[in-house]
Amino acid sequence: NAAALSVSPLLAEQYLLAAEQLATAAVASNLARLAPCDPATAGVAACGQQFIAAFGQRAYRRPLDADDVALLTAVFDVGKATDFPTGVRLVS
């Protein structure tokens, strides 16, 4: 039954809210474990790229292509305007 396999807009919104809460909690308590470098020494942009490469490969379960990297970099850049942890949270 195809109707049973669909996701309602309300359920999709609840999944999104749950994912955002999990990402916020993960970054707040595990930023040092999530980020493969220190943005204070490596630089925010360089550390962000290292994070995207490492996290993206684990999240996508395959090597990232140029489009994947560009998309995740754009998302990170929006967040890093606030601070590094926000960029990491938005990507994750």
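Above: the structure in question.
Attention here is on the structure that accompanies the text. Because the structure is predicted, anything quoted here is derived from the model rather than measured.

## Focus on the side chain of Asp68
Its location among the elements puts Asp68 in helix H4 (residues 66-80). On the accessibility criterion, Asp68 (10% relative accessible area) is buried. Those residues in contact with Asp68 that sit more than four places away from it in its chain are Tyr60 and Arg62.

## What to know about unusual backbone geometry
Its identity as a non-glycine residue notwithstanding, Arg61 has a phi of 55 degrees, on the positive side. On the basis of relative accessibility, which here comes to 77%, the residue Arg61 falls in the exposed class.

## Points about the pattern of salt bridges
Tallied over the entire structure, the rule returns two salt bridges. The salt bridge partner of Asp68 is Arg62, with a shortest N-O separation of 2.7 Å. Classification of Arg62 as partly exposed rests on a relative accessible area of 34%. The salt bridge partner of Lys80 is Asp77, with a shortest N-O separation of 3.5 Å. With Lys80 and Asp77 both in helix H4 and three residues apart, the pair spans about one turn of that helix.

## Considerations on the packing of aromatic side chains
Enumeration according to the criterion identifies two aromatic pairs in this entry. Look at Phe51 and Phe55: their rings are 5.2 Å apart centre to centre, the planes differ by 15 degrees, and that puts the pair in the stacked class. With a gap of four residues between them, Phe51 and Phe55 both fall in helix H3 (residues 44-60), about one helical turn apart. What makes Phe51 buried here is its relative accessible area of 0%. Relative accessible area serves as the criterion here: at 17%, Phe55 is assigned to the buried category.

## So, the nonpolar core
Counting residues in each nonpolar core, the largest one holds 13 residues, and the members touching the most others are Leu34, Phe51, Ile52, Phe76, Phe84, Val88 and Val91. For this core, the element with the most residues is H3, which contributes four residues.

The rules behind the values
Residues numbered from 1 in each chain as written. Predicted model: local features only at pLDDT ≥ 70, side-chain atom pairs only at ≥ 80, totals over all residues. Heavy atoms only, no water. Helix = DSSP H or I, 4+ residues; strand = E, 2+ residues; numbered from the N terminus. Buried < 20%, exposed > 50% of the residue type's maximum accessible area, 1.4 Å probe, protein only. Contact = heavy atoms within 4.5 Å. Salt bridge = Lys/Arg side-chain N within 4 Å of Asp/Glu carboxyl O. Phe/Tyr/Trp six-rings, centres within 6.5 Å; stacked < 30°, edge-to-face > 60°. Core = buried A, V, L, I, M, F, W, Y, C linked by side-chain atoms within 4.5 Å.

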